[in-house]
Amino acid sequence: MVLGIRRMNSFQNGSHRQPAHFARKRSSWNWDWWTLSSLILAGLAVTPVVSVLYLSLQPSGGIWGHLLETSLPIYITNTLGLMGGVGIWVLVTGLATAWLVTMCRFPGRKLFECLLLFPLAIPAYVMAYAYTDLLEYSGYVQASLRGFFGWENASDYWFPEIRSLGGAISLMGLVLYPYVYLLARSAFLEQSVNILEASRVLGRGPWRTFFAVSLPSARPAISVGLALALMETLNDYGTVDFFAVPTMTAGIIDVWLGMGNLAGGSQIAALMLLFVVLLISLEYFSRRRRRYYQQTASRFRSLPSYQLHGSSALLAIVVCGLPVLAGFILPAIVLARLSAHFFSRSWTPHFQELALNSLLLSITAAVVAVAIALFVNYSRRLRGGPLLTFATRISSLGYAVPGAVLAVGILIPFAVFDNTLDTFFRRQFGISSGLLLSGTVFAILFAYIVRFLTVAVGQIESSLDKVPLSVDMAARTLGYRAGETMIHYHIPLIRGGMLTALIVVFVDCMKELPATLILRPFGFETLATHIYHYASDEMLGEAALGSLTIVAVGVLPVLLLSRFISTSRSAYERVYESEPVR
Amino acid sequence: MTTLDIVQATSTEVSANLLQLRDVTCNYGPERGIQNVSIGVTEGSQVCLLGPSGCGKTTVLRAIAGLQSVSAGSIHIGGREVSGPNLNLPPELRRIGMVFQDHALFPNLTVSENVGAGLRNMDSHNRQRSVRELLGRMGLELHAARYPHELSGGQQQRVALARALAPKPLLLLMDEPFSNLDLDLRERMGQEISDELKVNNITCVIVTHDQNDAFALGDEVGVMSAGAIVQWDTPYNLYHQPVNRFVADFIGNGVFLPGRVISKQAVYTQLSELTRTAALDWPVGTEVEVLIRPDDVVHDPDHTIEATVIRRAFKGAEILYTLKADANTILLALFPSHTNFGVGEKVGVRLEVDHLVAFPRPKGK
């Protein structure tokens, strides 16, 4: 869920320099090596998307007709409903909180600036388990109400059903709004002070200034935040499955795992790519437009802040406090209580084993992703050219593709590979090579890397861009070859950025559910699949320890992000704090 | 000339020059390319490439360093071909040292680690000795354990030079070495580095857009414009005998007076008749423009020409006056500081042109 943090960071850093390429050699073997390897890596990363596209163009027999008659309309309606609802929720929450913390001054504003990020730490499906425990019939809230009012059973009173489309929208909105909040916040901060002041001088009040000036010029950034939040919505499986809201992601997994119908699953996956393309376009064009909107030089000049007093200050605290309370504190307490209660039953050798599975898998994926990101970025720095830039972009498409679609796209070529190899071995040697790629941990690893490579590529790109090219040239003229230069000079200089990339990819892998479910070998469990299975069996107590572990891990990148926010803020803070406008 | 003669001529040329660029062409974007650049640098000499930004001088330097491939022509360093249309020896194999505009010191290494960075193949005892010796030569012994960000600009510059010289390169390249330093330091560093290079007989190519740097460091200077070398000469000749109007404009101050060739050795201008000992290149009657440097205008109270001061710029020992000689003629004049004229004052001047420089005037001017 913290996928895209780096993409947001790059927003906050403003535009970063595009390095001029280093040297082009037409005649040396070296040229081919760096470029070719990067192109091969990019090609591998884009394979799943290509194979889903390829399948969708194949004649599908009667599958389409069947899907259309039965479940497809429901999948699409639910998906659209969920995306619409979550979209509105994250826009309202994200914009309101971002505007309050950037433009207003009230007690606790600084603290809220960071606290508002914390819901990012909780995956939507963990949220669903925690809130179901809290709000279902036998849960704490309803039990207390019954005890207080003396109701006997469900027929005595009305209580909203948490396991519904509405419930899914609320819970996803609660954990996804930080995407909009972060981007809107930085957009507001970068706005030209002069324009805002001009608007006030021309007689517009705070509200009209917001709607007439702030909002329109922050719109591209807000659209990017919205696109990222909706990508996560599209990706979610745990929540919609638990709440029995069959979306397209749920459809893929049900059709494939439940009915064993891979062709049907891939048809839905292909249809989902259409949604993905729309979201990527929204993000891409918003990013491009943003350049024209925000070009203020005096970035850290004081914003015209509204000092809030009394009831309006209280209202601001409530508006900023509620998302934090509902999106992080409350579910964390519920999970902590449940975990404590069920600890002896949850903390088993089996749990330790699957936690270790998650840990090893995620660390491996993170290390490989960072290594690939370093390699691809360094090749681009070394050789430049549109081809390598294109390769870098292509290799980071995975973040937009829902895990379930990605999994289908990996399953198919891997199965083809295994079958071909197996047939060959049987024919030639009379032995079976078995399943080498599909149905192994390697498939999961591949999915993780493809899906989260963007985070690493982006983070390392921005770190590497900060190292002047003259450092490369100095090292080269001092007798270091290209690879040696990277090892001796670049890696030590960008190790902070590499560590951030490692942590973020690691955490994203720990939380990943849909691709893991589809690709895991029989009997292989990770923390995410473990709590998913317990939750499916209505054993929320047993799932709590795993959920709490994932949340604890998820707090790591949030801490990184909030540290980033507070350091980037300090520069303008001095002016900001010393110069109240009213 | 037989084929053999050509081969022999080529090989002697190569052995005479430590660095030889022959008709080097780089296609590198529509504007930044270079065409047919030929340069020969003998061992122990320092040359400068001078030109406005975008003229291609940095591309030449990058091509010599191997950071930019050439599409035609060849580059030899120490008699060995390092660049050609199908050859690009990587920078690390060319035995060059390079000093950069931003110094490019490794921020994570100390001064002595920076200086020792290029001495990987030495054992640690010899490496330390070399580093110590270089730091001593540069006056940096006391800063050996510091990090680059703890040094002043001039000290960083010296570390960068020490680091580049440590592996004893055949050739030193410097890219705008002084542009990060303030004016005062710039002059001092220029002097220091020039001495260092001369004393140690270091062959060096320096790229700069600042003529003062070029004149301070270069035995010879190549002026570049639009990807080609326009004039290759000593600083003295560049100033006094520019080959065309671009060089005349780019180097030093001066104005152009319209004139006409009236004899083999004389040009008539409205202000006075100017002569030179060498014959002029153009037939009598050619319309020309004559370069008048500020030092060609001499204060002469017995005034053959009377001019009005319209602007003055105090330079310490001298004052640069902008004078209006008549309605259409503006002159620049550099007088010693004790001649103190105010704006609007009348001054008697005389033209004393030792090096008459004239170019044919474009029609209609």
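Residues numbered from 1 in each chain as written. Chains lettered and ligands numbered in written order. Predicted model: local features only at pLDDT ≥ 70, side-chain atom pairs only at ≥ 80, totals over all residues.

## Quick word on the overall build of chain B
Our working definition: Only DSSP runs of H or I covering at least 4 residues are called helices, and only runs of E covering at least 2 are called strands; the numbering of each starts at the N terminus. Three exposure classes are used, all based on how many other C-beta atoms lie within 10 Å of a residue's own C-beta (placed from the backbone): buried at 20 or more, exposed at 12 or fewer, and partly exposed between those limits.
A count of helices and strands for chain B gives nine helices and 21 strands. For the C-alpha atoms alone, the extent of chain B along its principal axes is close to 75 × 60 × 35 Å. Expressed as a percentage of the 365 residues in chain B, the buried residues total 41%.

## Here we look at the domain arrangement of chain B
Keep this limit in mind: Boundary definitions for the domains trace back to an automatic or database domain assignment.
Its domain assignment divides chain B into domain 1 (3–95 + 170–246) and domain 2 (254–360). The C-alpha centroid of domain 2 of chain B is placed 34 Å from the C-alpha centroid of domain 1 of chain B.

## Describing the pairing of strand β10 (residues 220–225) of chain B
All names here are of chain B. We count it as follows: Between any two strands, at least two bridges found by DSSP are needed for them to pair.
Pairing geometry for strand β3 (residues 46–50) and β10, over four bridges, is parallel. Directly across from V47, in β10, lies its bridge partner E220. By the bridge criterion, five bridges tie β10 to strand β11 (residues 228–233) in an arrangement that is antiparallel. If you follow M224 over to β11, its bridge partner there is I229.

## Quick word on the sheet that holds strand β12 (residues 255–263) of chain B
Residue and element names in this part refer to chain B. Heads up, the rule is: To get an axis, fit a line to the C-alpha atoms, keeping to the stretch in contact for a helix; angles then go from 0 to 180 degrees between the N-to-C directions.
One open sheet holds the five strands; their spatial order is β14-β13-β12-β15-β21, and the pairing between them is antiparallel. Two strands close off the open sheet at either side, each with one partner strand: β14 (273–275) and β21 (357–360). Neighbouring strand axes in the sheet, compared pairwise and without regard to direction, differ in orientation by 40° on average. As paired strands, β12 and strand β15 (residues 287–292) are joined by six bridges and run antiparallel to one another. What sits directly across from L257, in β15, is V290.

## Notes on helix α16 (residues 349–383) of chain A
Definition in use: The span expected for a helix works out to 1.5 Å for each residue beyond the first.
End to end, α16(A) covers 50 Å across 35 residues, agreeing with the expected 51 Å (1.5 Å per residue, within 8%). Note on α16(A): the residue one or two positions beyond its end, A:G384, has a positive phi of about 60°.

## Here we look at the packing of helix α4 (residues 72–103) of chain A against helix α8 (residues 165–190) of chain A
All names here are of chain A. Convention followed: When an angle is under 35 degrees it counts as roughly parallel; over 145 it counts as roughly antiparallel; between 65 and 115 it counts as roughly perpendicular; any other value is oblique. Here a crossing is taken to be left-handed if its near helix is turned anticlockwise relative to the far helix by less than a right angle, and right-handed if that turn runs clockwise. Three classes are used, and their members are as follows: Ala, Val, Leu, Ile, Met, Phe, Trp, Tyr, Cys and Pro are nonpolar, Asp, Glu, Lys and Arg are charged, and the others, Gly among them, are polar.
Their axes nearest at 5 Å, the elements α4 and α8 cross at an angle of 40°. Our classification of the angle between α4 and α8 gives oblique. Once α4 is placed against α8, the crossing between them reads as right-handed. For the contact of α4 with α8, a count of residues per class yields 22 nonpolar, nine polar and one charged.

## Side note on the domain arrangement of chain A
Residue and element names in this part refer to chain A. Quick reminder of the rule: Think of it this way: build a C-beta for each residue from its backbone, and any pair within 7 Å is a contact.
Considered domain by domain, chain A is made up of domain 1 (72–341 + 548–582) and domain 2 (352–537). Each of domain 1 and domain 2 has a C-alpha centre, and the two are 28 Å apart. With 29 residues of domain 1 at the contact, the number on the domain 2 side is 25 residues. When contributions to the side of domain 1 that touches domain 2 are tallied by element, the ones reaching two or more residues are α6 (124–135), α10 (206–235), α11 (238–242), α12 (248–258), α13 (262–293) and α25 (540–578). Looking at the side of domain 1 that touches domain 2 element by element, the count peaks at eight residues for α13. Classifying every residue of the side of domain 1 that touches domain 2 gives 22 nonpolar, seven polar and no charged.

## Here's the deal with the packing of α8(A) against helix α14 (residues 310–341) of chain A
Residues and elements named next belong to chain A. At their nearest, the axes of α8 and α14 sit 9 Å apart, and the two run at 115° to each other. In the crossing of α8 with α14, the sense of the turn from one axis to the other is left-handed. Residue-level inspection shows L174, V175 and Y177 of α8 in contact with α14, the latter providing P323, A326 and G327.

## Concerning the interface of chain B and chain A
Listed per partner, the contact involves 22 residues of chain B and 21 residues of chain A. If you list the elements that add at least two residues to the side of chain B that touches chain A, you get β6 (87–88) and β7 (96–99) of chain B. At three residues, β7(B) tops the list of elements feeding residues into the side of chain B that touches chain A. Tallied by class, the residues present in the side of chain B that touches chain A amount to twelve nonpolar, seven polar and three charged.

## Side note on the environment of A:Y532
Residues and elements named next belong to chain A. Turning to its location among the elements, Y532 is positioned in helix α24 (residues 527–536). With 438 residues separating them in the primary sequence, Y532 and G94 have C-alpha atoms 29 Å apart. The residues touching Y532, leaving out its near neighbours within four places in the chain, are Y125, G238 and L513.

## Description of the nonpolar core
The condition is simple: Only buried Ala, Val, Leu, Ile, Met, Phe, Trp, Tyr and Cys residues enter a nonpolar core, and they are joined through C-beta atoms within 7 Å.
Ranked by size, the top nonpolar core spans 165 residues in total, and within it A:V180, A:A184, A:A369, A:A373, A:A447 and A:V505 carry the most contacts. When residues in this core are grouped by element, the largest group, 17 residues, is from α8(A). Both domains that furnish three or more residues to this core are identified here as domain 1 (72–341 + 548–582) and domain 2 (352–537) of chain A. Ignoring sequence-local partners within four residues, the contact set of A:A447 consists of A:G403, A:L406, A:A407, A:I410, A:A515 and A:L519. Judged by nonpolar contacts, the second largest core, of 105 residues, contains B:I206, B:I229, B:L274 and B:L331.

## Examining the confidence of the model for chain A
Which entries qualify depends on this criterion: pLDDT expresses how confident the predictor is about each individual residue, on a scale running from 0 to 100.
Residue-level pLDDT values for chain A average 81, and 87% of them are 70 or greater. Ignoring residues within four places in sequence, the model shows residues 1–30 of chain A, a span with pLDDT below 50, making 72 contacts including any to other chains.

## Overview of unusual backbone geometry
Residues and elements named next belong to chain B. Of note in this structure, N36 is not a glycine but carries a positive phi near 45°. Considering the arrangement of structural elements, one finds N36 in strand β2 (residues 34–42). Located in the positive-phi region is H103, a residue other than glycine, with phi close to 70°. Relative to the helices and strands, H103 is located in the loop between β7 and α3 (111–115). Judged by local crowding, H103 falls into the buried class, with 23 C-beta atoms found within 10 Å.

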